[in-house]
Amino acid sequence: MMALGMFVFSLPTLAYQELQRKTDWKHPTTARVGARNARQFTGKGDDTITLSGWFAPELTGSIYSLDALRLMADTGKSWILIQGTGRILGSFIIASMTEGRTVLGQDGDAAKIEFSITLERVDESVLGILNTLGDLGSIKNMLSLEGISNSVSNAINTGASTFNNVANSVRSLF
């Protein structure tokens, strides 16, 4: 579905049912006598994505996925948001999360958990992100399933030290 940093939204983790995106542009006004206000375009405004849905821990999804996202938000870092199609949407922070638990059992666990996650964009452009990451060919390979599986296979074949080097390289990107 989508990846935020190293967190992948999917059925086993957290599948959202709705994605809403709101993009603003800044047009401040100046009052004029006897005429409409004058407007001037001053640049891009906020770009916000809200993911919402529900999951049933007994069937699909994991309560620990919400905990993982909270830990990511606690770092204050921004994370690259990539759609399942490979489209890079930009660098986003986790601005807020809401969680609602219903259909409670005798032990207090919820059979249905509703959630909403608000992400706010912090980068200037996707091209800027790509320029900071390096060669586009290596990025395309890194984001493809084949490239990921080759990286994992190589890490397993060459031992734990190679895996640690790859992990440190990925961390440095974010």
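Everything below is about the structure printed above this text.
Everything numeric in this text was worked out from a predicted model, so none of it was measured.

Reading the values: rules and limits
- Residues numbered from 1 in each chain as written.
- Predicted model: local features only at pLDDT ≥ 70, side-chain atom pairs only at ≥ 80, totals over all residues.
- Heavy atoms only, no water.
- Helix = DSSP H or I, 4+ residues; strand = E, 2+ residues; numbered from the N terminus.
- Buried < 20%, exposed > 50% of the residue type's maximum accessible area, 1.4 Å probe, protein only.
- Core = buried A, V, L, I, M, F, W, Y, C linked by side-chain atoms within 4.5 Å.
- Contact = heavy atoms within 4.5 Å.
- Pairing = 2+ DSSP bridges.
- Axes fitted to C-alpha atoms, helices over the stretch in contact; angles between N-to-C directions.

Q: Account for unusual backbone geometry, naming residues and giving values.
A: At Val103, a residue that is not glycine, the phi angle is positive and equals roughly 50°. Checked against the element boundaries, Val103 lands in strand 8 (residues 88-104). Taking the relative accessible area as the measure of exposure, Val103 reaches 56% and is therefore exposed.

Q: Requested: an account of the nonpolar core, with residues and values cited.
A: Of all hydrophobic cores here, the largest spans 23 residues; its most connected members are Leu4, Phe9, Leu14, Leu69, Ile117 and Leu119. The set of elements that each furnish at least two residues to this core consists of strand 1 (2-4), strand 2 (7-9), strand 6 (43-55), helix 1 (63-75), strand 7 (79-83), strand 8 and strand 9 (110-121). When residues of this core are assigned to their parent elements, the largest contribution, 5 residues, is made by strand 9. With residues near it in sequence (within four places) discarded, Phe9 still touches Met1, Met2, Leu4, Leu14, Tyr16, Leu51, Leu69 and Ile117.

Q: Break down the pairing of strand 9 for me, with residues and values.
A: Relative to strand 9, strand 6 runs antiparallel, the two being bridged by 8 bridges. By the bridge assignment, Trp54 is partnered in strand 9 with Glu114. With 11 bridges joining them, strand 8 and strand 9 adopt antiparallel strand pairing. If you follow Gly100 over to strand 9, its bridge partner there is Glu114. The antiparallel hairpin formed by strand 8 and strand 9 contains 5 residues in its connecting segment, where Gly108 sits at a positive phi of about 90°.

Q: Describe the sheet that holds strand 8, naming the residues involved and giving the relevant values.
A: Strands sit in the order 2-1-7-8-9-6-3 across an open sheet of 7 strands; the sheet is antiparallel. Looking at the sheet topology across the chains shown, the edges are occupied by strand 2 and strand 3 (18-26). With strand direction ignored, the average angle separating the axes of adjacent strands in the sheet is 25°. Where strand 7 and strand 8 come together, 4 bridges link them in antiparallel fashion. Its bridge partner lying in strand 8, Leu81 is registered against Gly90.

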